[in-house]
Amino acid sequence: MRKYEMVVILDPSVDERTITETFEKLVQVIPNEGGSIDNVDIWGKRKFAYEIDKKVEGIYIVFTFTAKAETSQELDRQLGLNESVMRTKVMRLDAR
């Protein structure tokens, strides 16, 4: 198992009161595959440096998790299929 950090940008039309529930549904694949979510940091709405999909802001969520490489790839694939997710970025954290 490896440690990863992921940044997810959600569509700003997602209700801010339901961000936690929406996030938990999106990352359900991690615990289902035997991994764990270590830390979740919801940054909230932030302005973009440039427009993405004709929107000027998005809801940022940064989290770390421990999972297999296949689980990380599957998570990224499933997030790409969801319409409320605008962008994702997965980074493998160093073992140091």
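In the block above lies the structure referred to throughout.
Keep in mind that this is a model prediction, so the values were computed, not measured. (Residues numbered from 1 in each chain as written. Predicted model: local features only at pLDDT ≥ 70, side-chain atom pairs only at ≥ 80, totals over all residues. Heavy atoms only, no water.)

Student: Is there a simple way to think about the overall build of the chain in this case?
Tutor: Helix and strand counts for the chain stand at three helices and four strands. For the chain, the α and β elements follow one another from N to C terminus as β-α-α-β-β-α-β. The C-alpha atoms of the chain give a radius of gyration of 13 Å, which matches the 12 Å a tight globule of 96 residues would have. Projected onto the principal axes, the alpha-carbon positions of the chain cover approximately 35 × 25 × 20 Å. Counting the 96 residues in the chain, one finds 36% classified as buried. The long-range share in the chain, meaning contacts at least 24 apart out of those at least 6 apart in sequence, stands at 74%. Surface summary for the chain: the accessible area is close to 6,200 Å², and the carbon and sulfur share equals 45%. In the chain, which carries 15 positive and 17 negative side-chain charges, the distance between the mean positions of the two groups comes to 4 Å. (Helix = DSSP H or I, 4+ residues; strand = E, 2+ residues; numbered from the N terminus. Rg over C-alpha atoms; globule rule 2.2 N^0.38 Å. Buried < 20%, exposed > 50% of the residue type's maximum accessible area, 1.4 Å probe, protein only. Contact = heavy atoms within 4.5 Å. Areas by Shrake-Rupley, 256 points an atom, 1.4 Å probe, with all protein chains shown as cover. Lys, Arg positive; Asp, Glu negative; His and termini not counted. Charge placed at Lys NZ, Arg CZ, Asp CG, Glu CD.)

Student: Explanation requested: the packing of aromatic side chains in the structure shown.
Tutor: Each aromatic ring pair is described using two quantities: the centre-to-centre distance and the angle formed by the ring planes. On inspection of all chains with the given rule, the structure shows five aromatic pairs. Look at Phe 23 and Phe 63: their rings are 4.9 Å apart centre to centre, the planes differ by 75°, and that puts the pair in the edge-to-face class. Of the two residues, Phe 23 sits in helix α1 (residues 19-26) while Phe 63 sits in strand β3 (residues 55-67), which places them 40 residues apart along the sequence. Phe 63 matches Phe 23 in its accessibility class, with the two residues each being buried. An aromatic cluster is defined as three or more aromatic residues linked by ring pairs; in this entry it consists of Tyr 4, Phe 23, Phe 63 and Phe 65. (Phe/Tyr/Trp six-rings, centres within 6.5 Å; stacked < 30°, edge-to-face > 60°.)

Student: Would you take a moment to explain the sheet that holds strand β1 (residues 2-10) for this structure?
Tutor: Pairing between sheet strands relies on hydrogen bonds along the backbone, with the strands arranged either parallel or antiparallel. Strand order in the open sheet formed by four strands is β2-β3-β1-β4, with antiparallel pairing between adjacent strands. Pairing within the sheet leaves two strands with one partner each, and these edge strands are β2 (36-52) and β4 (85-92). Across this sheet, the average inter-strand angle for adjacent strands is 20°, counted without regard to direction. Examined bridge by bridge, β1 and β4 share seven bridges and lie antiparallel to one another. (Pairing = 2+ DSSP bridges. Axes fitted to C-alpha atoms, helices over the stretch in contact; angles between N-to-C directions.)

Student: I'm lost on the nonpolar core in this one. Help?
Tutor: Among soluble globular proteins, nonpolar side chains are generally buried collectively. Ranked by size, the top nonpolar core spans 19 residues in total, and within it Phe 63, Phe 65 and Leu 75 carry the most contacts. Mapped by element, the contributors of at least two residues to this core are β1, α1, α2 (29-32), β3 and α3 (69-81). Per element, the largest residue contribution to this core is five residues, and it comes from β3. Those residues within four positions of Leu 75 in sequence are excluded, and the remaining contacts are Met 6, Leu 26, Val 27, Val 29, Ile 30, Phe 63 and Phe 65. Ranked by size, the runner-up nonpolar core spans five residues in total, among them Ile 9, Phe 48, Ile 52 and Tyr 60. (Core = buried A, V, L, I, M, F, W, Y, C linked by side-chain atoms within 4.5 Å.)

So far we have only geometry, and geometry alone does not tell us how the molecule works.
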